[in-house]
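# Observations on chain architecture
Below, each chain spelled out in residue letters.
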Amino acid sequence: MSLSRKAPPDVVTGSLSRRAFVAASAAGGYALAAGPLRAGAIATDAQGLVAGGAAVATRGGDMPVYFARPQGVTHPPVVLVAMEIFGLHEYIRDVVRRLAKLGAFAIAPDYYFRFGVDLPKTTDIAAIMKVVNAKPDAELVADLDAAAAWAKTQGGDADRLGIIGFCRGGRTVWVYCSESALPKAGVAFYGTLADPPAQKALWPRSPLELAPELKAPVLGLYGGADAHITMAQIEEMKARLRAAGKTAEFQIYPDAPHGFHADYRPSYRRQDAEDAWRRMADWLRRYGVLG
């Protein structure tokens, strides 16, 4: 994989005004509401890849996706990438290219498209939450299934389907691997396990409640210093999965905060993120997604 890193300082906003920070974020294609932008964000090139945007037909219209796949490879495995709340911005596109460098036909679907809001360019976190909290789980699962079906029409091997996701996308991994029969394995990076009661109408069951119905093996990668997801919730999830005889593993990074893999934010922890990436790839290989 070809990666590049900018030189220190680590955090652009340490010496820039808010206006300059917004301009730098926008120029790099990163989410404006995601917090301070690190100067050392990873940049993965598209050498040896076919990469770009496409539109996938869904019941709600054409869904934008970003994809990357290895050039000249026949029937590569398909890996879906479930976004953070900040939409389909440069970090997610870079993750897609990283997966393609591992041999996958990787796809990040913009399943919030129906709301007509450009999430990466939105600076108001309340406006972002209004959009992402209005997405019904049933529609989310259908959109992911549609992305997988589209990949098959493009030559991807949808019989070797995996999914990874970050933050809200990590929750999506748990939901998708419980509600859909398509994925062979999933990897959830710090995905929430318990849902707010107010979401019950749109999200009928949380990952904790879905644990007995998990259909595909899931690896959970979590930070011990996560202020949003408690160790008590993780232990409860482990217990429910164990009681139901489900295949799942958890790796806890004791000092890592939420978002420790997000290399464009100050929450990034390089050592933990690199170890988590290796574990993710090994998990997908173990269950027949990656070669």
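Residues numbered from 1 in each chain as written. Predicted model: local features only at pLDDT ≥ 70, side-chain atom pairs only at ≥ 80, totals over all residues. Heavy atoms only, no water.

## Section: the pairing of strand β10 (residues 248–253)
Stated precisely, the cut-off is as follows: Paired strands, as defined in this entry, are two strands with at least two bridges between them according to DSSP. Secondary structure elements follow DSSP: runs of H or I no shorter than four residues count as helices, runs of E no shorter than two count as strands, and numbering proceeds from the N terminus. Handedness of a crossover: with both strands directed away from the viewer, a clockwise path from the first strand across the helix to the second marks it as right-handed.
Pairing of strand β9 (residues 218–223) with β10, which is carried by six bridges, proceeds in the parallel orientation. Residue pairing in the sheet places Gly-223 in a bridge with Tyr-253 of β10. For the crossover from β9 across helix α7 (residues 231–243) to β10, the handedness is right-handed.

## Observations concerning the side chain of His-89
Going by this rule: Per-residue accessibility, obtained with a 1.4 Å probe over protein chains only, is compared with the maximum for each type, and a residue is labelled buried under 20%, exposed over 50%, and partly exposed between these values. Any two residues having at least one pair of non-hydrogen atoms within 4.5 Å are treated as being in contact.
Among the structural elements, His-89 can be located in the loop between β5 (77–82) and α2 (90–101). Accessibility expressed as a relative area gives 0% for His-89, which makes it buried. With residues near it in sequence (within four places) discarded, His-89 still touches Gly-29, Tyr-30, Ala-31, Glu-84, Pro-120 and Tyr-264.

## What about the sheet that holds β10?
Note the following rule: Lines fitted to C-alpha atoms define the axes, with helix axes restricted to the stretch in contact, and inter-axis angles between N-to-C directions lie between 0 and 180 degrees.
Taken together, eight strands build an open sheet; the order of strands is β3-β4-β6-β5-β7-β8-β9-β10 and the sheet is mixed. Both edges of this open sheet fall to β3 (49–58) and β10, since each of them pairs with a single strand only. The average undirected angle you get between the axes of adjacent strands in this sheet is 20°. Bridge analysis of β5 against strand β7 (residues 157–166) gives six bridges, and the strand direction is parallel. Its bridge partner being in β7, Val-81 is matched across the sheet by Ile-164. Against the sheet, helix α5 (residues 168–179) makes contact with β5, β7, β8 (185–189), β9 and β10, and its axis sits at roughly 140° relative to β7, the strand it touches most.

## Regarding α2
The following threshold applies: One less than the number of residues in a helix, times 1.5 Å, gives the span that helix is expected to have.
In a regular helix each residue adds 1.5 Å, so 12 residues correspond to 16 Å; α2 covers 16 Å between its end C-alpha atoms and thus fits that length. Of all the 12 residues making up α2, 10 are buried; the element is thus mostly covered by neighbouring parts of the structure. Buried residues of α2: Glu-90, Tyr-91, Ile-92, Asp-94, Val-95, Val-96, Arg-97, Arg-98, Leu-99 and Ala-100, and no others.

## So, the layout of surface pockets
Rules: Here a cavity is any set of points on a 1 Å grid over the protein atoms alone where a 1.4 Å probe fits but cannot get out, and a pocket is any open set with protein on both sides within 12 Å along at least 5 of 7 lines; a residue lines the site when it has an atom within 4 Å of a point. Grid points are joined across faces, edges and corners, and a volume is the space filled by probe spheres set on the points. Classes in brief: Ala, Val, Leu, Ile, Met, Phe, Trp, Tyr, Cys and Pro nonpolar; Asp, Glu, Lys and Arg charged; the others, Gly included, polar.
In this structure, the largest pocket occupies an estimated 320 Å³ of space. In terms of lining residues, the largest pocket is bounded by 16 residues, among which Ile-85, Met-129, Cys-167, Arg-168 and Thr-192 are the most central. Tallied by class, residues from the lining of the largest pocket come to seven nonpolar, five polar and four charged.

## Let's talk about the pattern of salt bridges
What counts here: In the sections that follow, a salt bridge refers to a side-chain nitrogen of Lys or Arg positioned within 4 Å of a carboxyl oxygen of Asp or Glu.
Under the counting rule described, the total for this entry stands at 25 salt bridges. Measuring nitrogen to oxygen at the nearest pair gives 2.9 Å for the salt bridge that ties Lys-200 to Glu-209. The salt bridge partner of Glu-274 is Arg-270, with a shortest N-O separation of 2.9 Å. Of this pair, Glu-274 and Arg-270 both sit in helix α8 (residues 270–286), four residues apart, roughly one helical turn. Classification of Arg-270 by relative accessible area gives partly exposed; the value is 46%.

## Quick notes on the nonpolar core
Under the convention used in this document: For the purposes of this section, nonpolar cores are sets of buried Ala, Val, Leu, Ile, Met, Phe, Trp, Tyr and Cys residues that join through side-chain atoms within 4.5 Å.
Ranked by size, the top nonpolar core spans 90 residues in total, and within it Leu-99, Ile-164 and Trp-174 carry the most contacts. Broken down by element, this core gets its largest block of residues, eight residues, from helix α4 (residues 137–153). Those residues in contact with Trp-174 that lie beyond four places of it in its chain are Ala-188, Gly-191, Leu-193, Pro-207, Leu-214, Val-218, Gly-220, Tyr-222, Met-237, Leu-241, Ala-248 and Phe-250.

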